[in-house]
Amino acid sequence: MNKSNINLKKASDYNIDAPLALLAELSHRCPLQCPYCSNPVQLEKKTGELSTEHWLSVIDQAVDLGMHQIHLSGGEPTVRHDLEDIVKHCTKKGLYTNLITSGVLLNPDRVAKLEKCGLEHVQISFQDTENENADRIGGFKGGHSKKLEVAKWVRDVEIPLTCNCVVHRQNIDNLEDFIKMAIDLDAERVEIAQVQYYGWALKNRAAFIPTPEQLDHATEIVEKARVELKGKLVIDYVIPDYYAKHPKNCMGGWGRRFMNMNPKGDVLPCHAAETISHLKFDNIKERSLKWIWENSEAFNIYRGTDWMPDPCKSCDRKEIDWGGCRCQAMALTGDAKNTDPACQISPLHSEIFQMAAEEARKAPPEFIYRKYNVRFNSPI
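### A word on the overall build of the protein
Thinking step 1. Each helix and strand counted, the protein has 13 helices and nine strands in total.
Thinking step 2. Here the protein has a C-alpha radius of gyration of 20 Å; the compact-globule value for 380 residues is 21 Å, and the two agree.
Thinking step 3. In terms of overall dimensions, the protein has a C-alpha envelope of 55 × 50 × 45 Å along the principal axes.
Thinking step 4. Taking all 380 residues of the protein together, the buried fraction comes to 55%.
Thinking step 5. When contacts within the protein are restricted to residue pairs at least 6 apart in sequence, long-range pairs at least 24 apart make up 75% of them.
Thinking step 6. As presented, the protein carries roughly 17000 Å² of accessible surface, and 48% of it is formed by carbon and sulfur atoms.

### Here we look at the packing of helix α1 (residues 52-65) against helix α2 (residues 83-93)
Thinking step 1. At their nearest, the axes of α1 and α2 sit 10 Å apart, and the two run at 20 degrees to each other. The orientation of α1 with respect to α2, classified from their angle, is roughly parallel. Seen along the crossing, α1 lies across α2 with a hand that is right-handed. Contact with α1, carried on its side by Trp55, Leu56, Ile59, Asp60 and Val63, involves Asp85, Ile86, His89, Cys90 and Lys93 of α2 and no other residues of that element.
Thinking step 2. Residues of the contact of α1 with α2, tallied by class, amount to six nonpolar, one polar and three charged.

### What about the nonpolar core?
Thinking step 1. Counting 85 residues, the largest nonpolar core has Ile192 and Met259 as its most contacted members.
Thinking step 2. Those residues in contact with Ile192, other than ones at most four positions away along the chain, are Cys165, Val167, Leu175, Phe178, Ile179, Ile235, Asp236, Tyr237 and Val238.
Thinking step 3. Core analysis: the second largest hydrophobic core is formed by 20 residues, Cys250, Trp254, Ala272 and Trp307 among them.

### Comments concerning unusual backbone geometry
Thinking step 1. The linkage connecting Gly74 with the following residue, Gly75, adopts the cis geometry, with an omega of 15 degrees.
Thinking step 2. One can find Gly75 in the loop between β2 (69-73) and α2.
Thinking step 3. At the junction of Asp310 and Pro311, the peptide bond is cis and its omega measures out at 10 degrees in the coordinates.
Thinking step 4. The residue Pro311 is located in the loop between α11 (297-300) and α12 (326-333) in this model.
Thinking step 5. Phi at Asp186 takes a positive value of approximately 65 degrees, unusual for a residue other than glycine.
Thinking step 6. Phi is positive for Met251, close to 60 degrees, though the residue is something other than glycine.
Thinking step 7. Relative to the helices and strands, Met251 resides in the loop between β7 (234-238) and β8 (258-261).

### As for the pairing of β2
Thinking step 1. Taking burial as the measure, the five residues of β2 include four buried ones, the bulk of the element.
Thinking step 2. Relative to strand β3 (residues 96-101), β2 is paired through four bridges, and the arrangement is parallel. Bridge assignment links Leu72 to a residue of β3, and that residue is Leu99.
Thinking step 3. The β-α-β motif built from β2, the intervening α2 and the parallel element β3 has right-handed crossover chirality.

### Notes on the environment of Ser296
Thinking step 1. Residue placement: Ser296 occurs in the loop between α10 (289-295) and α11.
Thinking step 2. Sequence spacing of Ser296 and Gly255 is 41 residues, and the spatial spacing of their C-alpha atoms is 9.9 Å.
Thinking step 3. Setting aside chain neighbours within four positions, we find Ser296 in contact with Asp282 and Trp291.

### Some thoughts on the pattern of salt bridges
Thinking step 1. By the definition in use, this model includes 16 salt bridges.
Thinking step 2. For Arg155, the salt bridge is made with Asp186, and the minimal N-O distance between the two is 2.8 Å. Taken as a pair, Arg155 in helix α5 (residues 143-156) and Asp186 in the loop between α6 (175-184) and β6 (189-194) lie far apart in primary sequence, 31 residues in all.
Thinking step 3. For Asp184, the salt bridge identified is with Lys180, shortest N-O distance 2.8 Å. Here Lys180 and Asp184 lie together in helix α6, a separation of four residues that amounts to about one turn.

### Focus on the state of the cysteines
Thinking step 1. Tallied over the entire structure, the rule returns zero disulfides.
Thinking step 2. Cys34 forms no disulfide, and the closest cysteine sulfur to it belongs to Cys30, at a distance of 6.5 Å.
Thinking step 3. In this structure Cys270 is a free cysteine whose sulfur lies 3.6 Å from that of Cys327, the closest cysteine sulfur available.
Thinking step 4. The exposure class assigned to Cys270 is buried, which follows from its relative accessible area of 4%.

### Quick look at the packing of aromatic side chains
Thinking step 1. Under the criterion given, the structure shown has seven aromatic pairs.
Thinking step 2. Considering the side-chain rings of Tyr197 and Tyr242, the 5.4 Å spacing of their centres and the 40 degrees angle between planes classify their relative orientation as tilted. Remark: Tyr242 occurs in the loop between β7 and β8 and Tyr197 occurs in the loop between β6 and α7 (199-203); sequence separation between them is 45 residues.
Thinking step 3. Residue Tyr197 is classed as buried on the basis of its relative accessible area, which comes to 3%.
Thinking step 4. According to the relative accessible area criterion, Tyr242 is buried, its value standing at 3%.
Thinking step 5. Grouped by ring-pair contacts, the aromatic residues Tyr36, Phe208, Phe367 and Tyr369 constitute a single cluster.
Thinking step 6. When the ring centre of Trp322 is taken as origin, the NZ or CZ atom of Arg256, which lies over that ring, is 3.9 Å away.
Thinking step 7. The ring centre of Trp291 lies 3.8 Å from the NZ or CZ of Arg287, which sits over that ring.

Thresholds, definitions, all that
Residues numbered from 1 in each chain as written. Predicted model: local features only at pLDDT ≥ 70, side-chain atom pairs only at ≥ 80, totals over all residues. Heavy atoms only, no water. Helix = DSSP H or I, 4+ residues; strand = E, 2+ residues; numbered from the N terminus. Rg over C-alpha atoms; globule rule 2.2 N^0.38 Å. Buried < 20%, exposed > 50% of the residue type's maximum accessible area, 1.4 Å probe, protein only. Contact = heavy atoms within 4.5 Å. Areas by Shrake-Rupley, 256 points an atom, 1.4 Å probe, with all protein chains shown as cover. Axes fitted to C-alpha atoms, helices over the stretch in contact; angles between N-to-C directions. Parallel < 35°, antiparallel > 145°, perpendicular 65-115°, else oblique. Left-handed = near helix turned anticlockwise from the far one by under 90°. Nonpolar A, V, L, I, M, F, W, Y, C, P; charged D, E, K, R; others polar. Core = buried A, V, L, I, M, F, W, Y, C linked by side-chain atoms within 4.5 Å. Pairing = 2+ DSSP bridges. Right-handed = clockwise from strand over helix to strand, strands pointing away. Salt bridge = Lys/Arg side-chain N within 4 Å of Asp/Glu carboxyl O. Disulfide = S-S within 2.5 Å. Phe/Tyr/Trp six-rings, centres within 6.5 Å; stacked < 30°, edge-to-face > 60°. Lys NZ or Arg CZ within 6 Å of the ring centre and 35° of its normal.

Shown next, in the form of structure tokens:
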């Protein structure tokens, strides 16, 4: 990339506060093989993962930088035998801890240990409400029934629970059951998130994209449930970008509120940023978290609005959605600086919408499951 095109300002030039939270991808290892996984298609192996000592140092630096939350994710974070040590250190340092897990590797004793270490919240992913289809989507036999058990163990030790329900054309007809399941599990929150098409999900887009009619019906169900369950269950709802009129305020704006760290210690503005191949990401083994937040080229290149071309640059929403998703612009246009095609003023918006609708009306292809060393052809 031409260096003259790179914005070399620092975080202080944008009047940006300290980041709110760190998404810590402790490992890419996972017993599930979800074909919509947000992990990069090139997965990090165990030998490349940060050590316990490195993660404890990251926690110290996050607190010094002013962060309030850490989200322990993966892959599957419970594959790490030092998870309790990490949670305990977060608690000691005053960081709010949220575990994002498939749950299938947990047992009652470990859930109780994590609660004693100070774990404050658990999010469990669900692939469907029907055992057979859920296990097919996740590529893990017996997974759904185990998740239901784990959710009960989490509530037995009084850790607040969120059900993460990833919705798409192959389970969207069970949306009402997803909401009922969350109530039955005594969850405080349910996230009804339509698949977002990055990483593995992009490779499987034709298998997951819903029709516009399915999406409209799902939205009606969610809106009705929000009214009926107000005060009983919080319902978060995310629609596919391909059917949006405006791009989402992705990560609160590039490099504005969040940091993401992959298993080997690369620090990213978002979990999908590695799909922008020309960016170089600084590593926590070589630079401090503070230095990266303030000075990293990868964080500063799309901060603010100076980088924007028209029509984004002249749009009255430019400091609302901050240009939308750079990773999606890269995936669908080949250039991360282009207008996010989710935006209705993008010259590609109608084409992308039509492509999604056409794919949704065809028979879904077989999944490309999330595995190491999978070969595939790009769908775009």
